[in-house]
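# A look at the structure
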Amino acid sequence: MMIPVNEPVLSGNESKYLAECISTGWISSEGPFVRRLEEGMATVAGQRFGVAVMNGSAALEVALAALRIGPGDEVILPAFTIISCAAAIVRAGAIPVVVDSDPLTWNLDPTKLGPVITPRTKAIMVVHIYGLPVDMDPVVQIARDHGLKIIEDSAEQIGQVYQSRSGKRRMIGSFGDVSTFSFYPNKHVTTGEGGMVLTSDEVLAERCRALRNLCFGRERRFVHEELGWNFRMSNLQAAVGVAQMEVLDRTIKKKRLIGAWYNEFLEGVKEVELPESRTSYAENIYWVYGIVLKDQVPFDAEEAMNRLAGAGIGTRPFFWPMHEQPVLTRMGFFRDVSCPVAERLARRGFYLPSGIALTREQAEQSSTAVRALFK
Ligand SMILES: *Cc1c(COP(=O)(O)O)cnc(C)c1O
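First, a word on what this report is: a plain description of the structure on this page.

Conventions used here
Residues numbered from 1 in each chain as written. Predicted model: local features only at pLDDT ≥ 70, side-chain atom pairs only at ≥ 80, totals over all residues. Heavy atoms only, no water. Phe/Tyr/Trp six-rings, centres within 6.5 Å; stacked < 30°, edge-to-face > 60°. Helix = DSSP H or I, 4+ residues; strand = E, 2+ residues; numbered from the N terminus. Buried < 20%, exposed > 50% of the residue type's maximum accessible area, 1.4 Å probe, protein only. Lys NZ or Arg CZ within 6 Å of the ring centre and 35° of its normal. Arc of directions from axis to C-beta. Contact = heavy atoms within 4.5 Å. Near = heavy atom within 4 Å. Polar contact = N/O pair within 3.5 Å; in protein donor to acceptor, adjacent residues only side chain to side chain. Areas by Shrake-Rupley, 256 points an atom, 1.4 Å probe, with all protein chains shown as cover. Nonpolar A, V, L, I, M, F, W, Y, C, P; charged D, E, K, R; others polar. Core = buried A, V, L, I, M, F, W, Y, C linked by side-chain atoms within 4.5 Å. Domains from an automatic or database assignment. Pairing = 2+ DSSP bridges. Axes fitted to C-alpha atoms, helices over the stretch in contact; angles between N-to-C directions.

## Some details on the packing of aromatic side chains
Considering all chains together, one arrives at 19 aromatic pairs under this definition. Considering the side-chain rings of phenylalanine 80 and tyrosine 130, the 5.9 Å spacing of their centres and the 85° angle between planes classify their relative orientation as edge-to-face. One end of the pair, phenylalanine 80, is in the loop between strand 2 (74-78) and helix 4 (83-91); the other, tyrosine 130, is in the loop between strand 4 (121-127) and helix 5 (136-146), with 50 residues separating them in the sequence. Of the two residues examined, phenylalanine 80 and tyrosine 130, each falls in the buried class. Both rings, one in phenylalanine 216 and one in phenylalanine 222, keep their centres 5.8 Å apart while their planes meet at 85°; by these two values the pair is edge-to-face. By relative accessible area, which is 22% here, phenylalanine 216 ends up partly exposed. The exposure class assigned to phenylalanine 222 is exposed, which follows from its relative accessible area of 63%. Aromatic ring contacts, followed pair by pair, group Phe80, Trp106, Tyr130, Trp287, Phe318, Phe319 and Tyr351 into a single cluster. Here arginine 36 stacks its cationic end above the ring of tyrosine 17, 5.5 Å away from the centre of that ring. The positively charged end of arginine 221 is found above the aromatic ring belonging to phenylalanine 216, 3.8 Å away from the centroid.

Below, the structure written as structure tokens:
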């Protein structure tokens, strides 16, 4: 039996709320769970308004359109992220500009933002990667100094907290002019497929609602001033999400417990870099437990993952950097760009089974298999 890299747990009120959708007939996006999920997420992430959409990638597209980012604009994003981020920027007609990662947190390195800002820069898309958030204080300062918007992709760190240098604790997702989330089954809250856009700006929230719903006309419904999408979330999906939100605290506790198990079982393995358990501004939430093969190891992540699969351990490779994506370089983006940290992470890093169904025994078994790689 393979230990899966992720397995969702749906043991709360999911069935009950779904049955409620069926028995009341509320199955479309008009149903009451959608609003409940929007309000719940806004509360968790410290924003005023939530706009539920059909997935996290769609949320990013809505965010850019809401901020009116388009042709001629540049948007800064981490090289080390998921394609959804760059795809949304490119589809908006804007230019993606990458910055390299911090080697310890694997997140966008704020000290690398300055040199890539130009008069055409409109926004910074920050992405909180795996378990530790981006160091937001300097990012917020730079955005303020240069009049840039912040789009905060918080898909991987629902419920994470940032400790500001001012002493203030702020929820991840509260920094963005617009923040986005995903509810894919490996995320802290799942709806099967789903996403959310959050903002505290009433006008932006209204724009996001319109963009998600085909920008129907105000005066006359079928007369459109702008093109939107049908990115609506159904009440069925939101019902699952509301049940998931009820156990979010437990989910996060379990993620941190899994992180602690791996830290214990992998302690002293000198061939791998383990994730930092904390920084000066946050505690690792271990959305996934990633490890990086040190340079002295004579094989790369791909071989390690193949050997682990042979031992019945499910893994996933780290992200592949945006400036090395064939589809994007063919379009002419990222000429002469290099991001050595992201390039190394992509080749040396992968993550271990990290879903909240994981048992201590499975974490031990996975760790034993990792140790065996170096025997
Ligand atoms: C999962 C994820 C997304 C995409 O979400 P989908 O719901 O799969 O479209 C976007 N950004 C980050 C950082 C993610 O982890």
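## As for helix 1 (residues 14-24)
Taken as a whole, helix 1 has its buried residues at Glu14, Tyr17 and Cys21. Buried residues of helix 1, seen end-on, are gathered within an arc of 80° and therefore sit on one face of the element. Structural note: helix 1 exposes Ser15, Lys16, Ile22 and Ser23 on the side pointing more than 90 degrees away from its buried face. On the buried face of helix 1, the contacting elements are helix 2 (32-45) and helix 7 (235-246).

## Some points on the site of the ligand
The full set of residues close to the ligand is Asn55, Gly56, Ser57, Ile82, Ser84, Val127, Asp153, Ala155, Glu156, Ser182, Lys187 and Gly194. At 2.6 Å from an oxygen atom of the ligand is found a side-chain nitrogen or oxygen belonging to glutamate 156. The side chain of lysine 187 places a nitrogen or oxygen atom 3.1 Å from an oxygen atom of the ligand. In isolation the ligand exposes 380 Å². Once the protein is present, 91% of that is buried. When grouped by side-chain class, the residues that make up the shell around the ligand number three nonpolar, six polar and three charged.

## Details of the nonpolar core
Grouped together as the largest cluster of nonpolar side chains are 52 residues, with contacts concentrated most on Phe80, Met125, Tyr130 and Ile151. Contributing elements (two or more residues each) for this core: strand 1 (49-53), helix 3 (56-66), strand 2, helix 4, strand 4, helix 6 (202-212) and helix 11 (340-348). Considering every element that reaches this core, the biggest residue donor is helix 3, with eight residues. Composition of this core by domain shows at least three residues from each of domain 1 (14-245) and domain 2 (248-372). For methionine 125, the residues in contact, after removing those within four places along its chain, are Leu60, Leu64, Val75, Ile76, Leu77, Pro78, Cys85, Ile89, Leu108 and Ile151. Phe265, Leu266, Leu352 and Val370 belong to the second largest nonpolar core, which has 27 residues in total.

## Section: the sheet that holds strand 5 (residues 149-153)
Read across the sheet, seven strands follow the order 1-9-8-5-4-2-3 without closing on themselves; strand pairing throughout is mixed. Two strands lie at the open edges of the sheet, namely strand 1 and strand 3 (95-99), each paired on one side alone. The mean angle between the axes of side-by-side strands here comes to 20°, regardless of whether they run parallel or antiparallel. Bridge count between strand 1 and strand 9 (residues 195-199): five bridges; the pairing is antiparallel. Counted as the bridge partner of glycine 50 is leucine 198 from strand 9. Across the sheet, helix 4 is in contact with strand 2, strand 3, strand 4 and strand 5; its angle to strand 2 comes to roughly 175°.

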